[in-house]
Amino acid sequence: MKKKDSQKTNICCIGAGYVGGPTMSVIAEKCPYITINVVDLNQERIAAWNKKDLSKLPVFEPGLSKIIEKVRGKNLFFSTDIDNSIAIADIVFICVNTPTKVKGLGAGRASDLKWVESCARRVASKSTGHTIVVEKSTMPVRTAETIKIILQSSQPMNPPYKEKTFSVLSNPEFLAEGTAIKDLEKPDRVLIGGDDEKAIEKLAEIYRNWVDNKKILKTNLWSSELTKLSANAFLAQRISSINSISAFCEVTGGNIIEVSKAIGTDKRIGKQFLRAGPGFGGSCFKKDILNLVYLSEYYGLNEVANYWQSVINLNNWQNQRISRIVIDKLFGTISGKSLAILGFSFKANTNDTRESPSINIAKDLLEEGAKLRIHDPKVSIDQIEKDLNLIEFNKLTDKEQSKQEFSNQGSWIFAETIEKAFMDVDAVLVLTEWEEYTNIQWKKLSKLLRTPAWVFDVRSIVEPNTVIQSGLQLWRIGEGSVS
Ligand code: UDX
Ligand code: UDX
């Protein structure tokens, strides 16, 4: 086993996901003097991070592959050698997932901390000398306490009885997927929570390589943990608020784009994060609010719990109402009709589909017997199969295909191009705001659709006049039918 080098800082990051991968890449680029080992239990994921072909990285983020090209193999390494990487690390970042519990106490709401706990145990067992343990993953408030207890109980039972020491810090990540590199390079703030001044300073020193000291906020552990949960809850709340107004606009004749623009000019409200859409998705918002709800109930704060739960309820409602509107406009039935779905990721510029509104909407449409033609520039066919829990039509045997042709069950195919998605469909649903969907040649492509055909612009990104002049009917979020 290698030894710690007192001259050089060595980082181990456990979890090579959407948070760990991009964050460590930026630290490696900004701090060439630091060696970083990003480790993960998932061998396939690590192999993908090490692929020569940079278009095959497991995480798609604009600007990421350029950085990887520069630092990978120099001071940034991806491996499955968790134990050795922990042993030589001065700082261990915990970037593993904390999904919502599916069973047991708090199921459906509380976070499952089993991965965090097993990481803490592994750090406790394999670390040497003094180690700073940083929780980067979003955790329920007071998780650091659990990590501390596990670490403290890890003094060696066998000779040479060399004492291990730990400092636990909370350093939540605020990056948004799709803009991760930009967010990491120019963060609004870096938050470090803890009670060990020396450890806080060591971490702050790393960030000071590219972040202004004024932006580095130091708090106690609990404030830091709670800030991350509340920041996500506040952001999600804005989306549920604007989505509720979008439904209002559709029935009253208001136009949500005009309304959001006008609301956003108020300095106290601000113009960002006010785009109406199919509902928020992503790995954080729902999970973190559910967590806040669970914790509020735990502490007997039922009104607080109900308040935040309503943000989630409204989001589920927004997902559902989209499929209902589509069915309604297509004469009350979509059974056997073909529909093009444009966009499967939870937002543009990422290949992540966790909690994507497209999943719920597609499932609702399939349930009604629709034949979906799904297109996304970055999401793979295998990922869509997993999310819909339904095999792609072309992958079925001839016998299975013909069975499905005549059943009422919906089916889906993967469309490699927008043109393929448009073949003989009755409607096009724009569900993700990918740039290429803003530039669709409607005049040319409308000929591929059946008539009469609808375009449902659930992100308000298509140019309405061009769609209408192409002989198509248009429905837009927060506006309704456009004529
Ligand atoms: C996740 C959560 O979604 C987010 O809330 C939290 O703040 C950080 O962790 P993300 O990086 O997007 O964010 O998760 P994911 O892409 O699932 O990556 C986690 C990685 O950790 C996976 O690759 C998984 O294999 C790995 N892991 C998990 C370990 O290496 N060891 C474990 O014990 C558990
Ligand atoms: C979010 C937070 O922004 C980030 O700070 C935190 O670290 C993790 O959670 P992320 O989930 O990656 O990041 O994406 P974000 O850009 O916040 O979008 C979340 C969802 O809200 C997406 O589905 C997006 O389409 C939706 N959204 C966002 C809207 O519908 N309208 C908006 O105006 C903004």
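Refer to the structure presented above.
The rules behind each value
- Residues numbered from 1 in each chain as written.
- Chains lettered and ligands numbered in written order.
- Predicted model: local features only at pLDDT ≥ 70, side-chain atom pairs only at ≥ 80, totals over all residues.
- Heavy atoms only, no water.
- Near = heavy atom within 4 Å.
- Polar contact = N/O pair within 3.5 Å; in protein donor to acceptor, adjacent residues only side chain to side chain.
- Areas by Shrake-Rupley, 256 points an atom, 1.4 Å probe, with all protein chains shown as cover.
- Nonpolar A, V, L, I, M, F, W, Y, C, P; charged D, E, K, R; others polar.
- Patch = residues over 30% accessible without salt bridge, like charges linked within 9 Å, V, L, I, M, F, W, Y side chains within 5 Å.
- Salt bridge = Lys/Arg side-chain N within 4 Å of Asp/Glu carboxyl O.
- Helix = DSSP H or I, 4+ residues; strand = E, 2+ residues; numbered from the N terminus.
- Buried < 20%, exposed > 50% of the residue type's maximum accessible area, 1.4 Å probe, protein only.
- Contact = heavy atoms within 4.5 Å.
- Pairing = 2+ DSSP bridges.
- Axes fitted to C-alpha atoms, helices over the stretch in contact; angles between N-to-C directions.
- Core = buried A, V, L, I, M, F, W, Y, C linked by side-chain atoms within 4.5 Å.
- Left-handed = near helix turned anticlockwise from the far one by under 90°.
- Phe/Tyr/Trp six-rings, centres within 6.5 Å; stacked < 30°, edge-to-face > 60°.
- Lys NZ or Arg CZ within 6 Å of the ring centre and 35° of its normal.
- Disulfide = S-S within 2.5 Å.

**Structural notes on the site of ligand 1**
- Contacts to ligand 1 come from 19 residues, most closely from Asp40, Arg45, Thr138, Lys287 and Arg354.
- Contacts to ligand 1 include Tyr18, whose backbone N or O atom sits 3.0 Å from an oxygen atom.
- Within the backbone of Thr138, a nitrogen or oxygen atom sits 2.7 Å from an oxygen atom of ligand 1.
- Alone, ligand 1 offers 690 Å² of accessible surface; in the complex the protein occludes 92% of this.
- Grouping the constituent residues of the shell around ligand 1 by class yields seven nonpolar, eight polar and four charged.

**Digging into a nonpolar patch on the surface**
- Together, Tyr298, Tyr299, Leu301 and Val304 make up an exposed nonpolar region whose accessible area comes to about 450 Å².
- Along the chain, the position of Tyr298 falls in helix H11 (residues 285–298).
- Judged by relative accessible area, which is 62%, Tyr298 ranks as exposed.

**Here's the deal with the pattern of salt bridges**
- Evaluation of the coordinates by the stated rule reveals 25 salt bridges.
- Residues Lys148 and Asp195 are paired through a salt bridge, measuring 3.1 Å at the closest nitrogen-oxygen approach. Within this pair, whereas Lys148 is found in helix H6 (residues 143–152), its partner Asp195 is found in the loop between strand S7 (190–193) and helix H8 (197–207), the two being separated by 47 residues in sequence.
- Within the structure, one salt-bridge network assembled from shared partners comprises Glu177, Asp352 and Arg354.

**Let's talk about the site of ligand 2**
- Among the 19 residues in the neighbourhood of ligand 2, the closest are listed as Phe174, Glu177, Lys228, Lys347 and Arg459.
- One of the backbone nitrogen or oxygen atoms of Gly281 is found 2.8 Å away from an oxygen atom of ligand 2.
- At 2.8 Å from an oxygen atom of ligand 2 is found a side-chain nitrogen or oxygen belonging to Arg459.
- Isolated, ligand 2 exposes 660 Å² of accessible area, and the fraction of that covered by the protein chains is 94%.
- Sort the elements by how many residues they give to the shell around ligand 2 and helix H9 (residues 221–252) lands first, with four residues.

**Let's talk about the environment of Phe456**
- For Phe456, the position within the fold is in strand S13 (residues 454–457).
- By relative accessible area, Phe456 is classed as buried at 1%.
- Residues within four places of Phe456 in sequence aside, it is in contact with Ile325, Val326, Lys329, Ala427, Val428, Leu429, Val430 and Trp475.

**Some remarks on the sheet that holds strand S9 (residues 338–342)**
- In spatial order, the strands read S11-S10-S9-S12-S13-S14-S15; together these seven strands make up an open sheet with mixed pairing. Here the strands that pair on one side only, and so sit at the sheet edges, are strand S11 (411–414) and strand S15 (480–482). When strand polarity is set aside, the average angle formed by the axes of neighbouring strands in this sheet is 25 degrees.
- In this structure, strand S12 (residues 427–430) lies alongside S13, joined through four bridges in parallel fashion. Bridging from a neighbouring strand, Ala427 pairs with Trp454 of S13.
- Sheet strands in contact with helix H12 (residues 302–329) are S9, S12, S13, strand S14 (473–476) and S15, and its direction is about 165 degrees off that of S13.

**Focus on the nonpolar core**
- Among the nonpolar cores identified, the biggest contains 43 residues, and Ile11, Met24, Ile27, Ile36, Leu76, Phe93 and Ile192 are the most heavily contacted of them.
- With residues near it in sequence (within four places) discarded, Ile11 still touches Met24, Ile27, Ile34, Thr35, Ile36, Asn37, Ala89, Ile91, Phe93 and Ile206.
- Counting 36 residues, the second-largest nonpolar core is a separate cluster that includes Ile361, Ala427, Trp454 and Ile477.

**Quick notes on the packing of helix H5 (residues 114–126) against H6**
- Where H5 contacts H6, the two axes come as close as 9 Å, and the packing angle between them is 30 degrees. Note that H5 runs across H6; the crossing there is right-handed. Every residue of H6 that contacts H5 at Val116, Glu117, Ala120, Arg121, Val123 and Ala124 is listed here: Thr143, Ile147, Ile150 and Leu151.
- Looking at the contact of H5 with H6, its residues break down into seven nonpolar, one polar and two charged.

**Overview of the packing of aromatic side chains**
- The full count for this structure, using the stated rule, is ten aromatic pairs.
- Each ring, one from Trp454 and one from Phe456, has its centre 5.7 Å from the other, and the planes form 20 degrees; the classification is stacked.
- Aromatic ring contacts, followed pair by pair, group Phe234, Tyr307 and Trp308 into a single cluster.
- Lying across the ring of Trp222, Arg142 places its NZ or CZ 4.1 Å from the centre.
- Its guanidinium or amino end placed over the ring of Phe60, Lys378 lies 4.4 Å from that ring's centre, counting from NZ or CZ.

**Description of the state of the cysteines**
- Under the criterion given, the structure shown has zero disulfides.
- Summary of cysteine pairing: Cys31 is not part of a disulfide, and the nearest cysteine sulfur, belonging to Cys13, is at 14 Å.
- For Cys31, a relative accessible area of 0% gives the class buried.
- Sulfur of Cys284: no disulfide; nearest cysteine sulfur belongs to Cys95 and is 12 Å away.

**Some words on the side chain of Glu177**
- Along the chain, Glu177 falls in the loop between strand S6 (165–170) and helix H7 (180–185).
- With relative accessibility at 10%, the residue Glu177 sits in the buried group.
- Within polar-contact distance, the side chain of Glu177 engages the side chain of Thr350 at 3.4 Å.
- Each residue touching Glu177, except ones within four places of it in the same chain, is listed here: Tyr18, Glu61, Ser283, Phe346, Lys347, Thr350, Asp352 and Arg354.

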